[in-house]
Amino acid sequence: MKFSYMIPRLDFTAAGKASTDTKRRLTQIGLPIAFIKRVTIAMYEAEMNVAIHGGGGEASVEVGTDRITAIFSDQGPGIPDIDLAMQEGYSTASEEIRNMGFGAGMGLPNMKRNADELRIDTEVGKGTVVTMVFHIEKGAS
Amino acid sequence: MRASEIARLLHADILTFSEQADAIEVATACGSDMMSDVIAFVKERVALLTGLTNPQVIRTAELLDIKVIIFVRGKKPSAELVAMAQEQGIVLMTTRDTMFTACGKLYCAGIKGDTLAMPASAAERS
Ligand SMILES: Nc1ncnc2c1ncn2[C@@H]1O[C@H](COP(=O)(O)OP(=O)(O)O)[C@@H](O)[C@H]1O
Ligand SMILES: [Mg+2]
């Protein structure tokens, strides 16, 4: 099963819909609740980054038999220093964005904590592709 | 602690599902205006205290299965936000207490929070 979403730029009403819609789909499939939470909160952080920092973009989610792969891509400014961006508390978000509850600099660390694999392909001036893989946990839902 | 008890302690107005507030049990709470802080706090039966009233508060709560949101500093959510909470079965309430006062009252009444583990780098230094 595969589905995709458009992520508009700086639209705080629409942002997060890819993640919440994925949560509904994964709940229907009957995957374990803790696993769904892990997948969708990591997705939410990636989705907000595309909306806030990436100038908008898209998400695609593929549900396989043993893994979920979520890919977020944008044609935004790219990330000049990934090691720096990965640090807890590092953020380039504006004061205005911070006042909306974003820019704590915890998004990438939250993704790393929740995804089994996190890969960031980025080029300054071209854009960013964030790929997260989640190994499906068998067990009670 | 029940959501209805929280409302009583904080003199809060319940904006959604006031009839169900007696049935919703809260084990711990998280107070923040930063959504990533809330996301880093993955627990069961959480009440969220926040001064933010944009739709992302409800989205975050939906992803984390948070069923109780308390708006501090007298913040009132828009009708749109109330409708989103209604759809998600989330109890919304608003108190005139500040974040500090609201958290303090709940802590004193027995709701305990969390302390983050020391980051590895800080642990190595000490
Ligand atoms: N898709 C992206 N495009 C460009 N820059 C990004 C993107 N994602 C993250 N960044 C950069 O990495 C920083 C850290 O991201 P993150 O940990 O999510 O924190 P926050 O979003 O709170 O700033 C951002 O402030 C931004 O500078
Ligand atoms: Mg972020």
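Below: a short report on this structure. (Residues numbered from 1 in each chain as written. Chains lettered and ligands numbered in written order. Predicted model: local features only at pLDDT ≥ 70, side-chain atom pairs only at ≥ 80, totals over all residues. Heavy atoms only, no water.)

Some words on the sheet that holds strand β1 (residues 13-14) of chain B
All names here are of chain B. Spatial strand order, β1-β5-β4-β3-β2: five strands in an open sheet with mixed pairing. In this open sheet, the two strands that pair with only one neighbour each are β1 and β2 (28-31). In terms of strand pairing, strand β4 (residues 68-71) meets strand β5 (residues 91-94) through four bridges, oriented parallel. Among the inter-strand pairings, F71 is bridged to a residue of β5, identified as T94. Helix α3 (residues 55-64) contacts β3 (46-50), β4 and β5 of the sheet and is inclined by roughly 150 degrees relative to β4. Against the sheet, helix α5 (residues 99-108) engages β2, β3 and β4, with an angle of about 155 degrees to β3. (Pairing = 2+ DSSP bridges. Helix = DSSP H or I, 4+ residues; strand = E, 2+ residues; numbered from the N terminus. Contact = heavy atoms within 4.5 Å. Axes fitted to C-alpha atoms, helices over the stretch in contact; angles between N-to-C directions.)

Structural notes on the interface of chain B and chain A
Counting from both sides, the interface comprises 22 residues of chain B and, opposite them, 28 residues of chain A. Carbon and sulfur atoms make up 56% of the surface buried where chain B meets chain A, a total of about 2000 Å² over both sides. On the chain B side of the contact with chain A, M34(B), R59(B) and L63(B) bury the most area, a combined 33% of that side's loss. Summed over the shared surface of chain B and chain A, the result is four salt bridges. When the shortest N-O distance is used, the salt bridge between D65(B) and K23(A) registers 2.5 Å. Here chain B and chain A share 16 residue pairs in polar contact (both at pLDDT 80 or more) between them. Contributions of two or more residues to the side of chain B that touches chain A are made by α2 (35-39), α3 and α4 (79-88) of chain B. (Buried area = accessible area lost by both parts, 1.4 Å probe. Salt bridge = Lys/Arg side-chain N within 4 Å of Asp/Glu carboxyl O. Polar contact = N/O pair within 3.5 Å; in protein donor to acceptor, adjacent residues only side chain to side chain.)

What is shown is where atoms sit, not what they do.
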